[in-house]
Amino acid sequence: MFLYIHNNVLKYRGNVILLTSLNIFNLQVTHGATSVQLSNRERFPSFFRTSPSDKFQVQAIVQILKEFKWNWVAFIGGDTDYSRDALRVFESEARLANVCLAYRGIISVSNDSQNENVLKVINEQRIGVVVLFAHIEHVTSFLRVAIKKKVRKVWIGSETWSLSTELVKENNIDSIGTVLGVTLQQMAPLKGLSEFIRKSLNSKQSPPPVSSETCGQRCDECTNATAETIISQESTFSFSIYSAIHAVAHALHTILSCNSSSCRNSTVEPQMVSECV
């Protein structure tokens, strides 16, 4: 099924069924936006997500520190909202747990000198435990420098990199010390997903042509991807993605009074979708 915009109405091929204005985009359902700020219902009343707030993984990290009585630690992150939001929560939670935050450092994707300076401070302050809360690209660059400098620590990783299948392939990655991490609870493989992907890509149906109707969302790289390439991707978020899509689809199915072949209604207001989700 392909969704596109035509005359300010969202359609799927052959049938006008959805919203009468572009206000649908006031409704956001995401699988990956974990910012603590997005939990504020006054600021984001129509925002929904199928992944938990970063607050919970920060609390889990602090529990690990308490369990092992590690109370002299560093918190390292990128210059991003992801890291900054987590740091604010960590400072509060660490204070309550009597964990001393000895150093806060910012790492870079491309500036090795900056990453070397962060490691230098960590060593100078004799910090043995480092909370590394950053996106995978920051972590990869930083740990490459740590490997080069032969730095060994206890690293506690956030869910963005703790189960990375690419990071473990880095040369001498085992030389950096001990790595602990938190991640989303792993769900069983989605039954039928692989078969669905293969069937969809083997379908003769083609996407709508690139035009203003598609809002520039056409992705040639996606179109040219093989079924095996898609199936082999990191599966950590598969269930969250499925849940996000299913939530919206189920809401529309209910509001539009759909059965397996057709829908009785043709117009939906954005607030109706928000309420149903």
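Definitions and limits used
Residues numbered from 1 in each chain as written. Predicted model: local features only at pLDDT ≥ 70, side-chain atom pairs only at ≥ 80, totals over all residues. Heavy atoms only, no water. Helix = DSSP H or I, 4+ residues; strand = E, 2+ residues; numbered from the N terminus. Expected span 1.5 Å × (residues − 1). Buried < 20%, exposed > 50% of the residue type's maximum accessible area, 1.4 Å probe, protein only. Contact = heavy atoms within 4.5 Å. Core = buried A, V, L, I, M, F, W, Y, C linked by side-chain atoms within 4.5 Å. Axes fitted to C-alpha atoms, helices over the stretch in contact; angles between N-to-C directions. Left-handed = near helix turned anticlockwise from the far one by under 90°. Nonpolar A, V, L, I, M, F, W, Y, C, P; charged D, E, K, R; others polar. Pairing = 2+ DSSP bridges. Parallel < 35°, antiparallel > 145°, perpendicular 65-115°, else oblique. Phe/Tyr/Trp six-rings, centres within 6.5 Å; stacked < 30°, edge-to-face > 60°. Right-handed = clockwise from strand over helix to strand, strands pointing away.

Trainee: Let's hear about helix α2 (residues 81–96): which residues, and what values?
Mentor: Its 16 residues give α2 an end-to-end C-alpha distance of 23 Å, which sits within 8% of 22 Å, the value for a rise of 1.5 Å per residue. Taken together, the buried positions of α2 are occupied by Tyr82, Ser83, Asp85, Ala86, Leu87, Val89, Phe90, Glu93 and Ala94. Turning to α2, the residues buried within the fold contact α1 (54–67), β6 (72–78), β7 (100–107) and β8 (129–132).

Trainee: Help me get a handle on the side chain of Ser83, residues and values and all.
Mentor: Inspection of the secondary structure assignment puts Ser83 in helix α2. Dropping the residues within four chain positions of it, Ser83 is found in contact with Phe75, Gly77, Gly78, Phe133 and Ala134.

Trainee: Tell me what's going on with the nonpolar core, and back it up with residues and numbers.
Mentor: Of all hydrophobic cores here, the largest spans 24 residues; its most connected members are Ile76, Ile122, Leu132, Phe142, Leu143 and Trp155. Elements represented by at least two residues in this core include exactly β6, β7, α3 (112–124), β8 and α4 (136–148). At six residues, α4 tops the list of elements feeding residues into this core. When near neighbours in sequence (up to four residues on either side) are disregarded, Leu132 contacts Ile76, Ile107, Val139, Phe142, Leu143, Trp155, Ile156, Gly157, Ser158 and Trp161.

Trainee: How would you summarise the packing of α3 against α4 if you had to cite specific residues and measurements?
Mentor: With their axes 9 Å apart at the nearest point, α3 and α4 run at an angle of 65° to one another. Remark: the crossing between α3 and α4 carries right-handed chirality. Residues Asp112, Asn115, Glu116, Val118 and Leu119 of α3 touch α4, and the partners they reach there are Ser141, Phe142, Val145 and Ala146. Grouping the constituent residues of the contact of α3 with α4 by class yields five nonpolar, two polar and two charged.

Trainee: Got a sec to walk through the sheet that holds β7? Specific residues and values, please.
Mentor: The strands that make up a sheet pair up through hydrogen bonds in the backbone, lying either parallel or antiparallel. Strand order across the open sheet formed by five strands is β7-β6-β8-β9-β10, with parallel pairing between neighbours. The sheet is open, and its two edges are formed by β7 and β10 (177–181), each paired on a single side. Taking each pair of neighbouring strands and ignoring which way they run, the sheet shows an average axis angle of 25°. Strand direction decides the pairing type here: strand β9 (residues 153–157) and β10, joined by five bridges, are parallel. Bridge pairing in β10 places Ile156 opposite Leu180. Set on the sheet, α3 makes contact with β6, β7, β8 and β9; between it and β7 the angle comes to about 165°.

Trainee: Describe the packing of α1 against α2, naming the residues involved and giving the relevant values.
Mentor: The contact between α1 and α2 brings their axes to 9 Å, and the two run at 45°. Accordingly, the angle class assigned to the pair α1 and α2 is oblique. With respect to the hand of their crossing, α1 and α2 are arranged in right-handed fashion. Of the residues in α2, those touching α1 at Asp54, Lys55, Gln57, Val58, Gln59, Ile61, Val62 and Leu65 are Tyr82, Ala86, Val89, Phe90, Glu93 and Ala94. When its residues are assigned to classes, the contact of α1 with α2 shows nine nonpolar, two polar and three charged.

Trainee: Could you give an account of the packing of aromatic side chains, with specific residues and numbers?
Mentor: Taken as a whole, this structure holds five aromatic pairs when the rule is applied. Each ring, one from Phe68 and one from Trp70, has its centre 4.7 Å from the other, and the planes form 15°; the classification is stacked. Residue Trp70 is classed as partly exposed on the basis of its relative accessible area of 22%. Between Tyr82 and Phe133, the ring centres sit 4.8 Å apart and the planes meet at 35°, which makes this aromatic pair tilted.

Trainee: So what's going on with the pairing of β7? Residues and values would help.
Mentor: Where β6 meets β7, seven bridges bridge the pair, whose relative direction is parallel. Counted as the bridge partner of Gly77 is Ile106 from β7. With respect to chirality, the unit in which β6 leads through α2 into the neighbouring parallel β7 is right-handed.

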